[in-house]
Amino acid sequence: MGVDGSGKTTLTKKLVKTFKNSKYLHLKPYILFQDKRTTVKNPHNQKQSSPFISLLRLISWLISYKIFLYSKKKIFFFDRYAHDVIIDPLRYKHNLSLNLTKFILNFFPKPDLWIFLNSSLKTIKLRKQELSHNELQQQIKYYMKFFRNQKNVIKLNSNIQKNKLVTQATKKINTLIK
């Protein structure tokens, strides 16, 4: 997890190539439908969903995670996870209270390893310009706070060379799968 431009997708795709029997997923498993996402240039300019639609969306994600992840014996690499909705609700048009959202997220499968990619604001702004400077600062703060309360977290500085980043993540993953 990390803000836009921190290198999540790049690292995820490289890790999938490194580990046999692994799969890349974005945000959630797609069970009935193929992933037909399109790139949203201004994710914060979207209209928020109603609280009811937000609740249905989150519950549908929960069902997808539960069915998909417990039925497979693979390593799954996500470049976003359901918990991102806490940090950036506008991106997901999410409109539920924080307390209710956190309550529902407690039922989601917890990753065996959380990888938090942190980078300098300067580097992030060079990679992506979707979010304002203030929004990026706020999200970094929220990610830091979120990961203080999680177990099995590695924090990686994504300013370093991609190969070093992959090596650091691979070492930690190998200790978990042995």
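## Observations concerning the overall build of the protein
Working step 1: Across its full length, the protein carries 7 helices and 4 strands.
Working step 2: Here the C-alpha atoms of the protein give a radius of gyration of 16 Å, agreeing with the 16 Å that 2.2 N^0.38 yields for 178 residues.
Working step 3: With the principal axes as the frame, the protein shows a C-alpha extent of 45 × 40 × 30 Å.
Working step 4: Scored against the burial criterion, the 178 residues of the protein give a buried share of 42%.
Working step 5: A sequence separation of at least 24 residues applies to 78% of the contacts in the protein between residues at least 6 apart.
Working step 6: Accessible surface, the protein as shown: approximately 10,800 Å² in total, 54% of it carbon and sulfur.
Working step 7: The average position of the 35 basic charges and that of the 8 acidic charges among the side chains of the protein differ by 6 Å.

## Section: the nonpolar core
Working step 1: One finds Met1, Leu58, Trp61, Tyr65 and Phe108 to be the most contacted residues of the largest nonpolar core, which totals 32 residues.
Working step 2: At the level of elements, helix 2 (51-70), strand 2 (75-78), helix 3 (84-87), helix 4 (98-105), strand 3 (114-118), helix 5 (121-127) and helix 6 (133-148) are the ones that each hand at least two residues to this core.
Working step 3: Among the elements that line this core, the one with the most residues is helix 2, at 6 residues.
Working step 4: Those residues in contact with Phe108 that lie beyond four places of it in its chain are Leu58, Trp61, Leu62, Tyr65, Ala82 and His83.
Working step 5: Judged by nonpolar contacts, the second largest core, of 13 residues, contains Leu113, Ile154, Leu165 and Ala169.

## Things to note about the layout of surface pockets
Working step 1: Here the second largest pocket defines a volume of roughly 850 Å³.
Working step 2: Forming the boundary of the second largest pocket are 28 residues, of which Ile75, Phe76, Pro111, Asp112 and Leu113 lie nearest the centre.
Working step 3: Only helix 1 (8-18), helix 2, strand 2, strand 3 and helix 7 (162-177) provide two or more residues apiece to the lining of the second largest pocket.
Working step 4: Considered class by class, the residues forming the lining of the second largest pocket number 19 nonpolar, 1 polar and 8 charged.

## A word on the pattern of salt bridges
Working step 1: Summed over all chains, the structure comprises 4 salt bridges.
Working step 2: In this structure, Asp4 and Arg91 form a salt bridge, with 2.1 Å as the shortest nitrogen-oxygen distance. In this pair, Asp4 is assigned in the segment before helix 1 and Arg91 in the loop between helix 3 and helix 4, connecting sequence segments 87 residues apart.
Working step 3: On the basis of relative accessible area, Arg91 is assigned to the buried category, the value being 15%.
Working step 4: With its nearest N and O atoms 3.4 Å apart, the salt bridge here joins Arg91 to Glu130. Residue Arg91 is located in the loop between helix 3 and helix 4, and its partner Glu130 is located in the loop between helix 5 and helix 6; the two are separated by 39 residues in the primary sequence.
Working step 5: Overall, Glu130 belongs to the partly exposed group, its relative accessible area being 22%.
Working step 6: One continuous salt-bridge network, built from bridges that share partners, spans Asp4, Arg80, Asp88, Arg91 and Glu130.

## Observations regarding unusual backbone geometry
Working step 1: The phi torsion at Asn21 lies on the positive side, around 60°, for a residue other than glycine.
Working step 2: Mapped onto the fold, Asn21 is located in the loop between helix 1 and strand 1 (22-25).
Working step 3: The class of Asn21 is partly exposed, set by a relative accessible area of 47%.
Working step 4: Phi at Asn152 is positive, roughly 55°, even though this residue is not glycine.
Working step 5: By the secondary structure assignment, Asn152 is in the loop between helix 6 and strand 4 (153-157).

The rules behind the values
Residues numbered from 1 in each chain as written. Predicted model: local features only at pLDDT ≥ 70, side-chain atom pairs only at ≥ 80, totals over all residues. Heavy atoms only, no water. Helix = DSSP H or I, 4+ residues; strand = E, 2+ residues; numbered from the N terminus. Rg over C-alpha atoms; globule rule 2.2 N^0.38 Å. Buried < 20%, exposed > 50% of the residue type's maximum accessible area, 1.4 Å probe, protein only. Contact = heavy atoms within 4.5 Å. Areas by Shrake-Rupley, 256 points an atom, 1.4 Å probe, with all protein chains shown as cover. Lys, Arg positive; Asp, Glu negative; His and termini not counted. Charge placed at Lys NZ, Arg CZ, Asp CG, Glu CD. Core = buried A, V, L, I, M, F, W, Y, C linked by side-chain atoms within 4.5 Å. 1 Å grid on protein atoms, 1.4 Å probe; cavity = no way out; pocket = protein on both sides within 12 Å on 5 of 7 lines; lining within 4 Å. Points joined across faces, edges and corners; volume = space filled by probe spheres on them. Nonpolar A, V, L, I, M, F, W, Y, C, P; charged D, E, K, R; others polar. Salt bridge = Lys/Arg side-chain N within 4 Å of Asp/Glu carboxyl O.

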